[in-house]
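Secondary and tertiary structure notes
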Amino acid sequence: EALRNPQIAVAFNDLKLPVADLEELFLHLDKDRHGAISMTAFEQGLRILKQPATRFDVACLSANIEGSAAYTSKLSTKASNTEDGLSALRATLDSAFAVVEEVA
C-alpha cells in the first residue's frame, strides 16, 4: 500500500534491498512479531540488509537449513507413525462396531 506513493516507491527501489516489497521487509525486520518496530530497529535492519553476507552469516544460514531439514524429516516420520496408528485404530473400531451390530 505504501508503494502506491511514488516517492516511497522510488526510495524503496533506490535502496535495492534483497526483499520483494515493503511487507516482506517489515516481516523480516519485525523479529519478535509484535507488529511494530522502532525507527532505530528499522534503520539498523536496513543497514544490515545492505551489507554483504559474511562467512559467519553463510554458516548460520547453512546450520539453520540443516536444522530445518532434520526437523522436517522427524516431523514427517511422526506424521507417518500417527497415520499408521490411526489406520490401526480405525480397523479396530470397525471390527468392534461390526461385533456390536451383530449382537444388536
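Whatever comes next refers back to the structure up there.
Everything in this summary refers to the structure shown in the same document. Residue positions are given per chain, counting from 1 as you read along its sequence in written order. Local features are withheld for residues below a pLDDT of 70 in this predicted model, meaning they are given only at 70 or higher, and side-chain atom pairs are given and counted only at 80 or more; totals for whole chains, interfaces and linings count all residues. Note: side-chain values were computed over all heavy atoms of the structure, leaving out hydrogens and water.

What to know about the overall build of the protein chain
The helix and strand inventory of the protein chain stands at four helices and zero strands. The quantity called the radius of gyration is restricted to C-alpha atoms. Its globule counterpart is 2.2 Å times the number of residues to the power 0.38. Its C-alpha atoms give the protein chain a radius of gyration of 26 Å, more than 25% over the compact-globule value 13 Å for 104 residues. Seen along its three principal axes, the alpha-carbon backbone of the protein chain occupies a region of about 80 × 35 × 20 Å. Relative accessibility thresholds used throughout: buried, under 20% of the residue-type maximum; exposed, over 50%; partly exposed, between the two (1.4 Å probe, protein chains only). Counting every position in the protein chain, which comprises 104 residues, the buried fraction comes to 10%. Contacts between residues were defined by any pair of non-hydrogen atoms, one from each residue, lying within 4.5 Å. By sequence separation, contacts in the protein chain at least 24 residues apart represent 22% of the contacts at least 6 residues apart. For the protein chain, the exposed area adds up to about 8,900 Å²; of that, 60% sits on carbon and sulfur atoms. Helix and strand assignments come from DSSP, with helices taken as H or I runs of at least 4 residues and strands as E runs of at least 2, each series counted from the N terminus. Computed with a 1.4 Å probe, the accessible areas rest on the Shrake-Rupley method; for each residue, only the protein chains presented here act as cover.

Concerning the packing of helix 2 (residues 22-29) against helix 3 (residues 39-50)
A fitted line through C-alpha atoms represents every axis, and for helices the fit uses only the stretch in contact; the resulting angles, taken between N-to-C directions, go from 0 to 180 degrees. The contact between helix 2 and helix 3 brings their axes to 10 Å, and the two run at 105°. As far as their axial angle goes, helix 3 and helix 2 are roughly perpendicular. For the pair formed by helix 2 and helix 3, the contact residues are Leu25, His28 and Leu29 on the first element and Phe42, Gly45, Leu46 and Leu49 on the second. Throughout this entry, Asp, Glu, Lys and Arg are counted as charged residues, while Ala, Val, Leu, Ile, Met, Phe, Trp, Tyr, Cys and Pro are counted as nonpolar. The remaining residues, Gly among them, count as polar. Within the contact of helix 2 with helix 3, the residues separate by chemical class into five nonpolar, two polar and no charged. An angle counts as roughly parallel when it lies under 35 degrees, as roughly antiparallel when it exceeds 145, as roughly perpendicular when it falls between 65 and 115, and as oblique in every other case.

What to know about the pattern of salt bridges
Take a side-chain nitrogen of Lys or Arg and a carboxyl oxygen of Asp or Glu: if they are within 4 Å of each other, that pair is a salt bridge. Going through the model one piece at a time under the given rule, you end up with one salt bridge. Close ionic contact of Asp94 with Arg90 constitutes a salt bridge, the shortest N to O distance being 3.9 Å. Within this pair, Asp94 and its partner Arg90 are both found in helix 4 (residues 55-103), separated by four residues, close to a single helical turn. Judged by relative accessible area, Arg90 falls into the exposed class, the value being 59%.

Focus: unusual backbone geometry
A positive phi angle is found at Arg33, which is not glycine, with a value near 60°. Looking at where Arg33 falls in the secondary structure, it is placed in the loop between helix 2 and helix 3.

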